[in-house]
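# Close look at the chain arrangement
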Amino acid sequence: FFVDPSGLILTNAHVVNDSPDNLSIVLSDGKTLSARLLALAPGRDIAILQAGALRDWPALPFMAPASLGEGDSVFAIGNALGIGLSFTQGILSRLTQDKVNLWEDYLQIDAPISPGNSGGPLLDSSGRVVGMNTAIGGPGGKIGLAIKSESLQAALQEYKETGRLIDAKAGFEVFVAPSGDAFVASVDPKSGAESAGLKQGDRIILVDGKGWFFSSDPSIAANGIYRGFTRKKPGDRTSLNIERSRKVTLYIPERILGFIPSEAAVEAFLSQD
């Protein structure tokens, strides 16, 4: 969907991953335009495109996040199942759904969406962008998930200021015990985590001074740790308080790839004295 009169378009990264060099746009009136990929952030599942034809495009406005509430009506637009433009209505079920993805907290909606809705806008009753339809879950796909408008706006601003989108890289993997305690499973060689002194087996107490991620559910606990890096950019810093009773400051130089600890990393942690 168009978000700038110059022809900037937002969609999901997973929509364009298969053919980033051969993109086209089919408009609602059936016209087809060439498109160019400007920026891609797989960790955030956001892509920015440029429409091939220069003109004053009817861009959608964003709404102020604070004006959105659970129970409000929302409207999803997309190409559901690839069979044509669709428009569905529902309510905002949850303002924050952070149990399904390590990197992003979504809006949860009950408006019916299907494969093909990805990258389409989620609108309020005034036609303002609330979010971007991204995923479905639950039996029969009855739960819809959308990236929040503030995340989309932040990505657009980042692109306009820097000319690119970059996901930061934490430089370490996490193993979460059934108790909810989180440990460093492995540290990437030559990463900011290694140079800061983080070591395999360190128990993570706080991320940027917050300990709110602890949970008996390992996926929720890991989510909280990784969330400390979700909004980071290369060059940003974050701090970890670890069980060795000293604070470690990490420099983040590269990219986040949305990892989950590998079996090898978990086994290496478990075999450590």
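For the structure, check the block above.
Below: a short report on this structure.

The next thing to look at is the pattern of salt bridges. For the coordinates displayed, the defined rule picks out two salt bridges. Between Asp4 and Lys160 there is a salt bridge, with its nearest N and O atoms 3.2 Å apart. One end of the pair, Asp4, is in the segment before strand S1 (8–11); the other, Lys160, is in helix H2 (residues 149–162), and 156 residues separate them in sequence. Across the pair Arg128 and Asp124 runs a salt bridge, and its minimum N-O distance is 2.7 Å.

Looking now at the nonpolar core. Counting 21 residues, the largest nonpolar core has Leu10, Ile46, Ile48, Leu152 and Leu165 as its most contacted members. Counting only elements with at least two residues in this core, the list comes to S1, strand S3 (32–41), strand S4 (46–51), strand S9 (129–137), strand S10 (143–148) and H2. It is H2 that provides the largest number of residues to this core, a total of four residues.

In spatial order, the strands read S1-S4-S3-S2; together these four strands make up an open sheet with antiparallel pairing. Two strands in the sheet have a free side with no partner beyond their single neighbour: S1 and strand S2 (23–26). This sheet shows a mean twist of 40 degrees between the axes of neighbouring strands, independent of strand direction. Note that S3 and S4 share six bridges and pair antiparallel. Directly across from Ala35, in S4, lies its bridge partner Ala51. The sheet strands contacting H2 are S1, S3 and S4, and the helix crosses S4 at an angle near 60 degrees.

Let us now look at the layout of surface pockets. Volume-wise, the largest pocket comes out at about 1,200 Å³. Around the largest pocket, the lining is made up of 34 residues, and of these Phe1, Ile25, Val26, Leu27 and Ser28 lie nearest the centre. Listed by contribution, the elements that provide at least two residues to the lining of the largest pocket are S1, helix H1 (13–16), S2, S3 and strand S5 (73–78). It is S2 that provides the largest number of residues to the lining of the largest pocket, a total of four residues. A class-by-class count of the residues in the lining of the largest pocket yields 20 nonpolar, 11 polar and three charged.

Rules used throughout
- The residue count restarts for each chain, going from 1 along the sequence in the order it is written.
- In keeping with the predicted nature of the model, local features appear solely for residues at pLDDT of at least 70, side-chain atom pairs appear and are counted solely at 80 or more, and the whole-chain, interface and lining totals rest on all residues.
- Heavy atoms from the whole structure form the basis of all side-chain values; hydrogens and water molecules are not counted.
- A pair is scored as a salt bridge if a Lys or Arg side-chain nitrogen falls within 4 Å of a carboxyl oxygen belonging to Asp or Glu.
- Runs of E in the DSSP output that reach at least two residues are strands. Runs of H or I that reach at least four are helices, and both are numbered from the N terminus.
- What we call a nonpolar core is a set of buried Ala, Val, Leu, Ile, Met, Phe, Trp, Tyr and Cys residues that are connected through their side-chain atoms within 4.5 Å.
- Here's how the labels work: a residue is buried when its accessible area is under 20% of the maximum for its type, exposed when over 50%, partly exposed in between, all with a 1.4 Å probe on protein chains only.
- Only when DSSP finds a minimum of two bridges between them are two strands counted as paired.
- Only the contacting stretch of a helix is used when fitting its axis, a line to C-alpha atoms as for every element, and angles between N-to-C directions run 0 to 180 degrees.
- Whether two residues are in contact is decided by their heavy atoms: any pair within 4.5 Å suffices.
- Whether a set of points on the 1 Å grid over the protein atoms alone is a cavity depends on a 1.4 Å probe fitting there but being unable to get out, while an open set qualifies as a pocket with protein on both sides within 12 Å along at least five of seven lines; lining residues are those with an atom within 4 Å of a point.
- Grid points are joined across faces, edges and corners, and a volume is the space filled by probe spheres set on the points.
- As a working rule, the residues Ala, Val, Leu, Ile, Met, Phe, Trp, Tyr, Cys and Pro are called nonpolar, Asp, Glu, Lys and Arg charged, and the rest polar, with Gly in that last group.

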